[in-house]
Amino acid sequence: MSAVGAAPFYFAPEIERLDRSALRRLQLERLKETLGRAYTCVPHHRQAFDRAGVRPEDLTSLEDITRFPFTVKTDLRDNYPFGLFAVPREQVVRLHASSGTTGRPTVVGYTADDLETWAGLIARSLACAGGRPGDVMHNALGYGLFTGGLGFHYGAERLGCTVVPMSGGQTEKQIRLICDFGATILNATPSYALNLVETAERMGVDLASGSLRIGVFGAEPWSETMRGELDRRLGIRSIDSYGLSEVMGPGVAMECSQRNGMHGWEDHFLFEVINPETLEPVPMGQPGELVITTLTKQALPMVRYRTRDISMITEEPCSCGRTHLRILRVTGRNDDMLIIRGVNVYPSQIESILLGLPGIAPHYQLILSRQGWLDHLTVEVETDSPSSEEDRARLANQVRHHIKSTIGVSCEALVRLPGQLPRSEGKAVRVRDLRKEGA
Ligand code: ADP
Ligand code: ZN
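The numbers attached to residues start from 1 for each chain and follow its sequence in the written order. To read the labels, note that chains go from A and ligands from 1, taken in the order they are written. Given that this is a predicted model, residues contribute local features only at a pLDDT of at least 70 and side-chain atom pairs are listed and counted only at 80 or more, while totals for whole chains, interfaces and linings are drawn from all residues. As a rule here, side-chain values cover all heavy atoms of the structure and leave hydrogens and water aside.

An unreviewed UniProt entry annotates the chain as Phenylacetate-coenzyme A ligase of Magnetospirillum molischianum DSM 120. UniProt positions are given in the numbering used here, feature names are shortened, and annotations may be inferred rather than shown by experiment. Its UniProt record, at the heading Pathway (unreviewed entry), says of the chain: "Aromatic compound metabolism; phenylacetate degradation." The UniProt entry for the chain carries this comment under Subunit (unreviewed entry): "Monomer."

Printed below as a string of structure tokens:
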């Protein structure tokens with residue numbers, strides 16, 4: 001069943017359709033408050049403002065934000081665990097933390113009001129994605145320190161959905177419950193959604209003809225080709241969902257049924273796009289690094305947080321009627337960008353190429369190593385059905401050829417049989433950089 005053509009359903013109609021000049025006035029008012037609170041209550045921000053020679057009072061227009069210092073991930077680590085909180089710890093009713101694969105995790109906190117805001121934004125986001133009160137939401141995002149599971153949980157309840165707090169893992173059980181409970185919304189990382197549908201197919205369960213209507217997918221980069229794959233195999237409309245723990249968690253931006261970029265909720269966040277090298281603003285509609293300032297967060301106000309995420313934004317009106325700007329697909333983090341023999345490559349670019357090749361399954365891993373002085377890229381993929389060694393050798397040639405002709409890097413391609421590559425239980429691990437591991 002398609003949501004296209006159905007009248008849009010707004011969770012907060014006045015604010016979602018507020019005209020842009022009123023929206024900007026609201027942003028300015030809230031930005032002044034946020035900068036004031038950050039300066040008064042957080043020594044780190046006070047010192048950073050002082051070093052930059054700016055005071056909160058210096059902000060008289062939204063454009064003045066560019067005079068204020070950025071906040072980066074290491075600022076959170078350096079102030080571990082609670083140093084950036086703007087309220088006494090006793091007022092923080094919830095903590096979350098990032099996975100922190102390297103070094104200390106980054107810790108984020110919420111007051112009771114922050115949790116209210118978050119639930120409201122998730123409810124709004126789910127409605128934007130096409131969700132309605134009465135939907136059954138199967139939440140396969142991880143519960144725990146990760147913001148994904150609990151973040152969506154309370155927002156879906158707020159919208160009036162029946163929430164299945166499944167979390168990750170136990171894939172076969174997930175499939176049975178999706179069928180038995182009649183889930184209409186699936187919430188997952190796109191790579192785990194793929195794992196689910198594949199397992200279902202192996203079990204002989206056709207999810208595409210079942211109750212699911214919408215897939216809300218995010219927390220990792222994914223491509224349009226992957227979207228097509230998930231739409232078809234799950235019989236849903238897949239919706240892109242964006243957020244990050246440092247500024248809140250999920251619920252920062254969500255696509256509407258037009259699927260032409262994610263509406264970023266500007267009454268709660270100020271979005272900028274900068275050139276990551278010069279740190280100067282990038283004109284609207286051009287790619288750069290997304291920088292986000294929170295406008296209403298109490299426990300952890302964030303000033304110009306450098307997300308490292310590469311994207312672009314547009315203020316072009318959307319036919320859904322929502323006036324909030326749209327963030328076009330996030331192609332990857334700066335940090336995920338691979339530099340292979342001087343060529344900048346995002347794993348998502350390689351994903352698009354692989355998924356465009358008939359016979360290749362959407363599972364892949366990129367392995368980077370050093371051969372002598374040269375970077376060496378190995379692309380491991382799977383076929384979508386059992387195939388002969390000859391066929392796989394032919395596919396490997398195609399993979400090599402397409403990557404070379406599209407991105408300009410030579411690689412080695414290894415084509416495996418179905419099921420030979422590891423499956424995602426949450427965020428997929430796409431890259432193994434043996435150069436970093438010292439191998
Ligand atoms: P962790 O830091 O533990 O990985 P976060 O939830 O804070 O957990 O991760 C947020 C990051 O996930 C974002 O900064 C971005 O890089 C990525 N991300 C989230 N949603 C999307 C999306 N829709 N498309 C691409 N990347 C996304
Ligand atoms: Zn829209």
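Having seen the structure, we can now continue with the description.
Quick word on the side chain of Glu 289
Numbering goes from the N terminus for both helices and strands, where a helix is a DSSP run of H or I of at least four residues and a strand is a run of E of at least two. Structurally, Glu 289 can be placed in strand β11 (residues 288–294). Summary of the burial criterion: residues with accessible area below 20% of their type's maximum are buried, those above 50% are exposed, and those between are partly exposed, where the area comes from a 1.4 Å probe applied to protein chains only. Glu 289 gets classed as buried once you look at its relative accessible area, which sits at 0%. Polar contacts involving the side chain of Glu 289 include one to the side chain of Arg 306, which spans 2.8 Å. When near neighbours in sequence (up to four residues on either side) are disregarded, Glu 289 contacts Glu 272, Val 273, Ile 274, Pro 276, Arg 306, Thr 307, Arg 308, Asp 309, Ile 310 and Asn 334. What qualifies as a polar contact is a pair of N or O atoms within 3.5 Å, subject to a donor-acceptor requirement within protein and to the restriction that residues adjacent in sequence count only when both atoms come from side chains. In what follows, a contact means two residues having at least one pair of non-hydrogen atoms within 4.5 Å.

Focus: the layout of surface pockets
Approximately 390 Å³ is the volume attributed to the second largest pocket. Forming the walls of the second largest pocket are 21 residues, and the residues nearest its centre are Arg 24, Phe 271, Glu 272, Val 273 and Met 284. The set of elements that each furnish at least two residues to the lining of the second largest pocket consists of α2 (20–41) and β10 (269–274). For the lining of the second largest pocket, the element with the highest residue contribution is β10, accounting for four residues. Gly is put with the polar residues, along with every residue not named as nonpolar or charged; the nonpolar set is Ala, Val, Leu, Ile, Met, Phe, Trp, Tyr, Cys and Pro, and the charged set is Asp, Glu, Lys and Arg. By residue class, the composition of the lining of the second largest pocket is eleven nonpolar, four polar and six charged. Both cavities and pockets are sets of points on a 1 Å grid over the protein atoms alone; in a cavity a 1.4 Å probe fits but cannot get out, in a pocket the set is open with protein on both sides within 12 Å along at least five of seven lines, and lining residues sit with an atom within 4 Å of a point. Grid points are joined across faces, edges and corners, and a volume is the space filled by probe spheres set on the points.

Things to note about the coordination of the zinc ion (ligand 2)
Shown as donors are all N, O and S atoms within 2.8 Å of a metal ion, widened to 3.2 Å for Na, K and Ca; because water is not in the atom set, sites may appear incomplete. Coordination sphere of the zinc ion (ligand 2), protein contribution only: Cys 256 (SG), His 263 (NE2), Cys 318 (SG) and Cys 320 (SG), at 2.1 to 2.3 Å. The site at the zinc ion (ligand 2) holds four donor atoms, and with the angles between them running 101 to 114°, its shape is tetrahedral. All donors of the zinc ion (ligand 2) come from a single chain, and their spacing in sequence reads C-x6-H-x54-C-x1-C. Residue Cys 256 shares its accessibility class with His 263, and that shared class is buried. Under the classification used here, a metal with four donors is tetrahedral if each angle lies between 85 and 135 degrees, square planar if opposite donors are over 155 degrees apart and the others between 65 and 115, a six-donor metal meeting that same test is octahedral, and anything else is irregular.

A short note on the UniProt feature "domain: AMP-dependent ligase C-terminal" (unreviewed entry) in the chain
Here, UniProt's "domain: AMP-dependent ligase C-terminal" (unreviewed entry) annotation points to residues 342–435. The span residues 342–435 is 30% helical and 35% strand by assignment, and the distance between its end C-alpha atoms comes to 14 Å.

Brief notes about the pattern of salt bridges
By convention in these notes, a salt bridge is any Lys or Arg side-chain nitrogen within 4 Å of a carboxyl oxygen on Asp or Glu. Per the stated rule, a full pass over the model turns up 27 salt bridges. In this structure, Arg 213 engages Asp 135 in a salt bridge whose closest nitrogen and oxygen atoms are separated by 2.7 Å. With Arg 213 in the loop between α8 (190–203) and β6 (214–218) and Asp 135 in the loop between α5 (112–128) and β3 (136–139), this residue pair connects regions lying 78 residues apart in the sequence. The class of Arg 213 is buried, set by a relative accessible area of 14%. Residue Arg 435 is joined to Asp 375 by a salt bridge in which the shortest nitrogen-to-oxygen separation is 3.1 Å. Of this pair, Arg 435 sits in the segment after β21 (431–433) while Asp 375 is found in strand β19 (residues 374–383), placing the two residues 60 residues apart along the sequence. Residues joined by salt bridges that share partners form a network here, namely Glu 224, Arg 227, Asp 240, Glu 255 and Arg 329.

Here's the deal with the environment of Thr 71
For Thr 71, the position within the fold is in the loop between α3 (43–52) and α4 (73–78). In this structure, the C-alpha to C-alpha distance between Thr 71 and Pro 43, residues 28 residues apart in sequence, is 13 Å. Filtering out sequence-adjacent residues up to four positions away, Thr 71 remains in contact with His 45, Met 302, Val 303, Arg 304, Tyr 305 and Arg 306. Of note is the side chain of Thr 71, whose polar atom sits 2.6 Å from the backbone oxygen of Val 303.

Here's the deal with empty space enclosed by the protein
For the coordinates displayed, the defined rule picks out one cavity of 30 Å³ or more. Of the voids in this model, the largest cavity is the one considered here, and its volume is about 30 Å³. Lining the largest cavity are Leu 76, Asn 79, Pro 81, Gly 83, Leu 84, Phe 85, Val 107 and Leu 300. Residues belonging to the lining of the largest cavity are distributed by class as follows: six nonpolar, two polar and no charged.

Considering the packing of α8 against helix α9 (residues 224–234)
Remark: α8 packs on α9, axes separated minimally by 10 Å, with the N-to-C direction vectors making an angle of 35°. With respect to the hand of their crossing, α8 and α9 are arranged in left-handed fashion. Contacts between α8 and α9 involve Pro 190, Ala 193, Leu 194, Val 197, Glu 198 and Glu 201 from the first element and Met 226, Glu 229, Leu 230, Arg 233 and Leu 234 from the second. Broken down by class, the residue content of the contact of α8 with α9 amounts to seven nonpolar, no polar and four charged. To define axes, lines are fitted to C-alpha atoms, for helices over the stretch in contact only, and angles between the resulting N-to-C directions are given on a 0 to 180 degree scale. Handedness of each helix crossing follows the sense of rotation of the near helix against the far helix: counterclockwise by less than a right angle gives left-handed, clockwise gives right-handed.

Topic: the nonpolar core
We call a set of buried residues a nonpolar core when its members are Ala, Val, Leu, Ile, Met, Phe, Trp, Tyr or Cys and they connect through side-chain atoms within 4.5 Å of each other. Counting 55 residues, the largest nonpolar core has Tyr 242, Ile 292 and Ile 327 as the members making the most contacts within it. It is α5 that provides the largest number of residues to this core, a total of seven residues. Once you skip the residues sitting within four places of it in the chain, Tyr 242 turns out to touch Pro 250, Gly 251, Val 252, Ala 253, Met 262, Leu 290, Ile 292, Thr 307, Asp 309 and Val 330.

Some points on α2
Given the number of residues in a helix, its expected span is that number minus one, multiplied by 1.5 Å. Helix length check: α2, at 22 residues, gives a terminal C-alpha distance of 31 Å against a target of 32 Å (1.5 Å per residue), a fit within 8%. Listed in full, the buried residues belonging to α2 are Arg 20, Ala 22, Leu 23, Leu 26, Gln 27, Leu 28, Leu 31, Thr 34, Leu 35, Ala 38 and Tyr 39. As for α2, its buried residues are in contact with α1 (13–16), α3, β10 and β11.

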